[in-house]
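# Fold and contact review
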Amino acid sequence: MKSEIYKKLVDLYAGNELPAELNDQLEMAAFNDPELAHDMATLRKTVDILQRDSEPEFTEESYQRILLKMYSRGAAIQPVAPDPAHLQYSLPMQG
Amino acid sequence: MPNDALRDSLAERKWIAALAEGDPEALGGLYSMYGERIFRYAYRMLNNRSDAEDATAETFLRVLRRSAELRADGAFRTWLFRIARNLCIDRLRQQKLLELPPDAQYSGSEERSTLRVTVYQALEQLPREYQDPLVLCDLEDHSAKEAAEILEISVPALKSRLYRGRRALRDKLGSLLERTP
């Protein structure tokens, strides 16, 4: 029964979703349970590999090619540059 | 609401309203807001730059075609990702029929590229119901709530699939995990 609970906790542990106290408790439990320790380590590593994966680069060429594809399929699209930083925030008015 | 989220929400409302009025800048505005995220998501799904560009363009063309139905009520972004996902799934089905090779080496060292190819090959072997939460939550960093909305399932169902998917991927990666620092 306890190991079933640990298994569920391991899922949360792998995604760094456990509160610190439970996290420590689980790591302590893993000291005396090689199977649990292996489960925790390999699952967390799997999540780490995914989360550390670098993002696909959105290149200028890709940006332009996508625009061209939209034009060529008849879309009236006009590229819009992001707002300059000084226009992005409104300052509070002083009365 | 944090400043960035508030600004995005206001900009989104502005462009959706403008799109409904036929403003030619509106689609460009939405593309400048979401183009990169949709492209990245499509690339993660398809492992191929050219296909990801096609899927991104088609996603925004669908926005244009359905501009009259759009509502700026916060659901737009979820809807956009849902469209992109459906287009990617259609494309994956076609690829499967044609047996086209993936192209997962988008950047980084040779070692990381090899790792990425292995991880993506393992991901591709998982059932779609596991792949989706892994791509949305672990690769694209969507919250569980947002991913659940995109997939049109409950948050507990999303989490259950995510946890089972991680275990299935772990089992596929096997000895690679021992060799990866």
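Further up the page is the structure itself.
Conventions used here
- Residue numbers restart at each chain and count upward from 1, following the sequence in its written direction.
- Working convention: letters from A go to chains and numbers from 1 go to ligands, in the order in which they are written.
- Thresholds applied to this predicted model are a pLDDT of at least 70 for local features of residues and 80 or more for the giving and counting of side-chain atom pairs; totals over whole chains, interfaces and linings are not thresholded and use all residues.
- Side-chain measures here rest on the full set of heavy atoms in the structure, leaving out hydrogens and waters.
- Any two residues whose heavy atoms approach within 4.5 Å are treated as being in contact.
- The buried area of a pairing is the accessible area, by a 1.4 Å probe, that goes missing from both parts when the two are put together, added over both.
- Salt bridges are identified by distance alone: a Lys or Arg side-chain nitrogen within 4 Å of an Asp or Glu carboxyl oxygen.
- Polar contact is the term for a pair of N or O atoms within 3.5 Å; when the atoms are in protein, one must be able to donate a hydrogen and the other to accept it, and sequence-neighboring residues count only if both atoms are side-chain atoms.
- Under the DSSP-based scheme used, a helix requires at least four consecutive residues in state H or I and a strand at least two consecutive residues in state E, with every element numbered from the N terminus.
- Note that Gly is not counted as nonpolar here; it falls among the polar residues with everything else outside the nonpolar set of Ala, Val, Leu, Ile, Met, Phe, Trp, Tyr, Cys and Pro and the charged set of Asp, Glu, Lys and Arg.
- Exposed residues in this analysis have more than 50% of their type's maximum accessible area, buried residues have under 20%, and partly exposed residues fall in between, with area computed by a 1.4 Å probe over protein chains only.
- Angles here are taken between N-to-C directions and fall from 0 to 180 degrees, while the axes themselves are lines fitted to C-alpha atoms, restricted in helices to the stretch in contact.
- Oblique is the label for every angle not falling under 35 degrees (roughly parallel), over 145 degrees (roughly antiparallel), or within 65 to 115 degrees (roughly perpendicular).

Let us look at the interface of chain A and chain B. Often, the extent of an interface is quoted as the loss of accessible area upon association of its parts. Each side of the interface is counted separately: chain A has 39 residues, and chain B has 49 residues. Summed over both sides, the interface between chain A and chain B buries roughly 4,200 Å², with carbon and sulfur atoms accounting for 57% of that surface. In this structure, the connection of chain A to chain B is made through ten salt bridges. Among the ionic pairs, Lys69(A) bridges to Asp54(B), the shortest N-O distance being 2.7 Å. At the boundary of chain A with chain B, the tally comes to 16 residue pairs in polar contact (both at pLDDT 80 or more). Residue assignment for the side of chain A that touches chain B shows that the elements contributing at least two residues are helix 1 (2-14), helix 3 (34-52) and helix 4 (60-72) of chain A. The greatest single-element share of the side of chain A that touches chain B, amounting to eleven residues, is contributed by helix 3 of chain A. Class assignment for the residues of the side of chain A that touches chain B results in 17 nonpolar, ten polar and twelve charged.

Along the polypeptide, Asp54(B) turns up in helix 3 (residues 49-65). A relative accessible area of 17% places Asp54(B) in the buried class. Side-chain polar atoms of Asp54(B) contact the side chain of Lys69(A), separated by 2.7 Å. Among residues more than four places away in sequence, those in contact with Asp54(B) are Lys69(A), Arg73(A) and Arg91(B).

A few words on the environment of Asn47(B). All names here are of chain B. Following the sequence through the fold, Asn-47 ends up in the loop between helix 2 (24-46) and helix 3. Along the backbone, Asn-47 and Arg-85 are 38 residues apart, and their C-alpha atoms lie at a distance of 13 Å. A polar side-chain atom of Asn-47 sits 2.8 Å from a polar atom in the side chain of Glu-124.

Another aspect to go through is the packing of helix 7 (residues 144-151) of chain B against helix 8 (residues 155-173) of chain B. To describe two helices that pack against each other, one gives the angle between their axes and the distance between the axes. All names here are of chain B. Put simply, helix 7 and helix 8 touch, their axes get as near as 9 Å, and they point 100 degrees apart. When the axis of helix 7 is compared with that of helix 8, the two are roughly perpendicular. Across the interface between the two elements, Ala-144, Lys-145, Ala-147, Ala-148 and Leu-151 of helix 7 pack against Val-155, Leu-158 and Lys-159 of helix 8. Within the contact of helix 7 with helix 8, the residues separate by chemical class into six nonpolar, no polar and two charged.

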